[in-house]
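If you want the building blocks of each chain, they are given just below.
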Amino acid sequence: MTDEKQSAVKAVLDLWNSRIQAADKLFNALTDEQLQNEVSPRRNRGIYLLGHLTAVHDKMLPLLDFEKQLYPHLDDIFLSKPDKAVMEITSAKDLRDYWKDVNSKLSTHFNGLKPEQWFEKHTSVSKEDFIKEPHRNRLNVVIGRTNHLSYHLGQLALLKN
């Protein structure tokens, strides 16, 4: 493993961890009532975005070949359907707990990988396609999910006012 690859892995994981910390801080600062608000008129509510981000991160566990999803029941509510399509959704308290649990599991798995393992394929790419497209690796998934989290953090920040 080259020093450049080790540095790349460290940079990506440092950014991931900083975005997770920012999200934790924001979710802890927002009240359950604030999470019921839309980030802007006719847009997603904060609680939906918390559930959405939790479900996306939960799906990373099998995608990165770590373990099964912890909360697959969130997929239908927060990934398959838009906000307000389901009348009864998971409580803010439970979603906050799930968020912490999923990201704790991810952190444990991330810390257990050797730098070279980050450049292995993820589970949604075939061996044949990975040979042609080696950038479809575990590290690239984390880069994409970090960007996704950052996008939604920008939306959620609007709830603080």
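Procedures and definitions
- Residues numbered from 1 in each chain as written.
- Predicted model: local features only at pLDDT ≥ 70, side-chain atom pairs only at ≥ 80, totals over all residues.
- Heavy atoms only, no water.
- Helix = DSSP H or I, 4+ residues; strand = E, 2+ residues; numbered from the N terminus.
- Rg over C-alpha atoms; globule rule 2.2 N^0.38 Å.
- Buried < 20%, exposed > 50% of the residue type's maximum accessible area, 1.4 Å probe, protein only.
- Contact = heavy atoms within 4.5 Å.
- Areas by Shrake-Rupley, 256 points an atom, 1.4 Å probe, with all protein chains shown as cover.
- Lys, Arg positive; Asp, Glu negative; His and termini not counted.
- Charge placed at Lys NZ, Arg CZ, Asp CG, Glu CD.
- Core = buried A, V, L, I, M, F, W, Y, C linked by side-chain atoms within 4.5 Å.
- Expected span 1.5 Å × (residues − 1).
- Phe/Tyr/Trp six-rings, centres within 6.5 Å; stacked < 30°, edge-to-face > 60°.
- Axes fitted to C-alpha atoms, helices over the stretch in contact; angles between N-to-C directions.
- Parallel < 35°, antiparallel > 145°, perpendicular 65-115°, else oblique.
- Left-handed = near helix turned anticlockwise from the far one by under 90°.

A. Inspection of the overall build of the chain at higher detail. Within the chain one finds 7 helices and 0 strands. The linear arrangement of helices and strands in the chain, starting from the amino end, is α-α-α-α-α-α-α. What you see for the chain is a C-alpha radius of gyration of 17 Å, in line with the 15 Å of a compact globule of 161 residues. Its C-alpha atoms give the chain principal-axis dimensions of about 50 × 25 × 25 Å. In the chain, which comprises 161 residues, the proportion classed as buried is 40%. Considering only residue pairs separated by 6 or more positions, the chain has 70% of its internal contacts joining residues 24 or more positions apart. Approximately 8900 Å² of the chain is accessible, and the part contributed by carbon and sulfur atoms is 51%. The centroid of the 23 positive side-chain charges in the chain is displaced by 2 Å from the centroid of its 22 negative side-chain charges.

B. Structural detail: the nonpolar core. With 42 residues, the main nonpolar core has M60, W99, L106, F110, W118 and V142 as its most contacted residues. Among the secondary structure elements, those contributing two or more residues to this core are helix 1 (3–29), helix 3 (46–63), helix 4 (74–80), helix 5 (92–112) and helix 7 (138–156). For this core, the element with the highest residue contribution is helix 3, accounting for 9 residues. Leave out the neighbours within four places in its chain, and F110 touches L13, W16, M60, L64, F66, W118 and V142.

C. Here's a closer look at unusual backbone geometry. Although it is not a glycine, R42 sits at a positive phi angle of roughly 65°. Examined against the element boundaries, R42 turns out to sit in the loop between helix 2 (32–35) and helix 3. With a phi angle near 75°, K84 is a residue other than glycine that sits in the positive phi range. Among the secondary structure elements, K84 is positioned in the loop between helix 4 and helix 5.

D. Representation of helix 1 in the model. With 27 residues, helix 1 should cover 39 Å at 1.5 Å per step; its first-to-last C-alpha distance of 39 Å lies within 8% of that length. Elements that come into contact with the buried residues of helix 1 comprise helix 3, helix 5 and helix 7.

E. Representation of the environment of R19 within the structure. With respect to the secondary-structure elements, R19 resides in helix 1. Judged by relative accessible area, which is 26%, R19 ranks as partly exposed. For the pair R19 and T146, spaced 127 residues apart in sequence, the C-alpha to C-alpha distance is 7.0 Å. Apart from residues lying up to four places away in sequence, R19 is in contact with T146, L149, S150 and L153.

F. Here's a closer look at the packing of aromatic side chains. Inspection of the entire model under this criterion finds 6 aromatic pairs. A connected cluster of aromatic rings, assembled from ring pairs, spans W16, F66, F110 and W118.

G. Region of the structure containing the packing of helix 1 against helix 7. Close contact between helix 1 and helix 7 brings their axes to 10 Å; oriented N to C, the two are set at 30°. Comparing their axes, helix 7 and helix 1 come out roughly parallel. You can see that helix 1 and helix 7 cross each other, and the crossing is left-handed. Contact residues: helix 1 offers V9, V12, L13, L15, W16, R19, I20, A22, A23, L26 and F27, while helix 7 offers L139, V142, I143, R145, T146, L149, S150, L153 and L156.

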